Amino acid sequence: MRLYNTLTRSKDEFVTHTPGRVEMYTCGPTVYDYAHIGNLRSYIMEDVLEKYLEYSGYEVNRVMNITDVGHLTSDGDTGDDKMLKGAKREHKSVMELAEFYTAAFFEDCKRLNIKKPDSVVPATGCIDDFIRVISSLIEKGYAYLAGGNVYFDTSRLDSYYVFNDFSQEDLAVGVREGVEADGNKKNKADFALWFTKSKFDNQELKWDSPWGVGYPGWHIECSCISMKHNGEYLDIHCGGIDNAFPHHTNEIAQSEAYLGHSWCPWWFHVHHLNTESGKMSKSKGERLTVSRLIERGYDPIVYRFFVLQSHYRKTLVFSYENLDNAKTAYEKLIGKISSLLGAGGQPDAARLEGLRSMFTEALDNDLNTSLGITALYDVLKSDADAATKLALVSDFDRVLSLDLIENAKRAAGQDSSLPDEIASLLEQRSAARKAKDFAKADELRAKIQELGYTVEETRQGTVVRKK
Ligand code: AMP
Ligand code: ZN
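### Details of the pairing of strand 10 (residues 236-240)
1) Next: Within strand 10, five of the five residues are buried, which leaves it mostly tucked inside the rest of the structure.
2) Next: As judged from the three bridges shared by strand 3 (residues 21-26) and strand 10, these two strands associate in the parallel manner. Within strand 10, the position partnered with Thr26 by the bridge is Cys238.
3) Next: Pairing between strand 10 and strand 11 (residues 266-270): five bridges, direction parallel. The residue bridging Ile236 from the neighbouring strand is Trp266, located in strand 11.
4) Next: The β-α-β motif built from strand 10, the intervening helix 6 (residues 244-259) and the parallel element strand 11 has right-handed crossover chirality.

In structure tokens form, the structure reads like this:
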């Protein structure tokens, strides 16, 4: 498989430290609010990457952190403390806030068929590991104490800006407009590993440490959690493109300084989902969450389909018009697949291999999911028999996770998994609609929704799903 690597700035043949096994790390969410659908674009693409590696025969060990402390994420070390702000906003403790939004995040992932990583590790559970690594960095001369905080000394490295060609002058970390410069730092690019003194005196979560009571910086958590659960040699590290600098740059600096050897040769970055007016934000404009899409009548899988239709290294623009186009295309696709159901016979092995190679060629070429979907259409258009086509749809869906067979069955009315009560309410609703009693139909729909199901009208008829 050829995959783009942000570190080498080229598409290279993917190789791993241990043949047949992939150690994969993903930066997890900062759990102070619901994930927006931009965040989830990154997680969808990382999910496809993991599933395609498995499809290709690798065993994958995937680790993800949960940022529930050390979250001065906006720019460098001096950004807002988002967890603290969120806790105040919602009159919750920081831990309650973290638990609530961690659960909400995995609920959204489930709705989008994003598999939960093998290990999900909250930063607050690894404080001892952070302290151990920071102590060692101080011993080795890579970190220093200043003004009560511990900083990483970037001047000790031969090359710090590994992802880009910026110079220290171009990148005035932490001295952006409205953000105070941290006078404790020896070099502009230095970053905090441990805080005992910061502008957030009211920080709720604090731990004892050799440097006083305090809390860890953001970057150290990913290095430590990965080294603990992936081992010393990470094969691939994932995240949104905004994380390349400073977060991933700092992860590399501290991990390699600690280990004394190179750490992760492959960096997979997903480009952003923007709105038509620009960058997607958790705080500005309409809150574009999965729940919002459901409220507006969209099946979350349609959003997954929309994301897979474009390449992960291109900025994607979200609009309801674009999502409607994806919805129409998805429904047509489901319609085509449902017309194949019920055909008997065995798949034709030779045809299977030939048609399958279009799909693997697409994904082997820098995870080109858009061409992968074209390969799916080509299968459906081909003159192969229905059993062969269905076998391929189901095979490709191991990677795409678009519920293709399930939704085709539902569309064809072959799904009998609904509870009796829901089935009966649906029947009554359909009778009310036939009789043009729309008020009653709406009332019945609300009842079905109250019982935890969504009802959606599609070209293939009414689609009902568990929320
Ligand atoms: P956060 O919860 O802010 O730590 O972000 C979670 C993940 O979403 C990170 O990998 C970010 O790089 C990624 N991300 C943030 N904004 C976007 C966006 N608009 N489009 C795609 N990914 C994003
Ligand atoms: Zn990270």
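And the narrative resumes.
### What about the pattern of salt bridges?
1) Next: Applying the stated rule across the entire model yields 21 salt bridges.
2) Next: The network of salt bridges with common partners includes Glu46, Glu50, Arg62 and Lys115.

### A few points about helix 15 (residues 438-450)
1) Next: Its 13 residues place the ends of helix 15 18 Å apart at the C-alpha level, agreeing with the 18 Å of an ideal helix rising 1.5 Å per residue.
2) Next: Of the residues making up helix 15, those classed as buried are Ala441, Leu444 and Ile448. All buried residues of helix 15 fall inside an arc of 65° around its axis, so they share one side. Those residues of helix 15 that are exposed and aimed more than 90 degrees away from the buried face are Ala439, Glu443 and Glu450.

### Describing the coordination of the zinc ion (ligand 2)
1) Next: Protein coordination of the zinc ion (ligand 2) is provided by Cys27 (SG), Cys222 (SG) and His247 (NE2), with donor distances spanning 2.0 to 2.1 Å.
2) Next: Each donor residue of the zinc ion (ligand 2) lies on the same chain, and together they follow the pattern C-x194-C-x24-H. Highlighted residues: Cys27 in the loop between strand 3 and helix 1 (37-55) and Cys222 in helix 5 (residues 218-230), separated in sequence by 195 residues.
3) Next: Residue classification places Cys27 among the buried positions, given a relative accessible area of 6%.
4) Next: Its relative accessible area of 0% is what places Cys222 among the buried residues.

### So, the nonpolar core
1) Next: With 136 residues, the main nonpolar core has Leu3, Leu49, Tyr303, Phe318 and Leu367 as its most contacted residues.
2) Next: Sort the elements by how many residues they give to this core and helix 1 lands first, with ten residues.
3) Next: Among all residues touching Phe318, those that are not within four sequence positions of it are Ile37, Leu273, Asn274, Thr275, Glu276, Met280, Leu288, Leu293, Tyr303, Phe306 and Leu323.
4) Next: Within the second largest apolar cluster, ten residues are counted, among which are Ile422, Leu444, Ile448 and Val464.

Reading the values: the criteria
- Residues numbered from 1 in each chain as written.
- Chains lettered and ligands numbered in written order.
- Predicted model: local features only at pLDDT ≥ 70, side-chain atom pairs only at ≥ 80, totals over all residues.
- Heavy atoms only, no water.
- Buried < 20%, exposed > 50% of the residue type's maximum accessible area, 1.4 Å probe, protein only.
- Helix = DSSP H or I, 4+ residues; strand = E, 2+ residues; numbered from the N terminus.
- Pairing = 2+ DSSP bridges.
- Right-handed = clockwise from strand over helix to strand, strands pointing away.
- Salt bridge = Lys/Arg side-chain N within 4 Å of Asp/Glu carboxyl O.
- Expected span 1.5 Å × (residues − 1).
- Arc of directions from axis to C-beta.
- Donors = N, O, S within 2.8 Å, 3.2 Å for Na, K, Ca; no water.
- Core = buried A, V, L, I, M, F, W, Y, C linked by side-chain atoms within 4.5 Å.
- Contact = heavy atoms within 4.5 Å.

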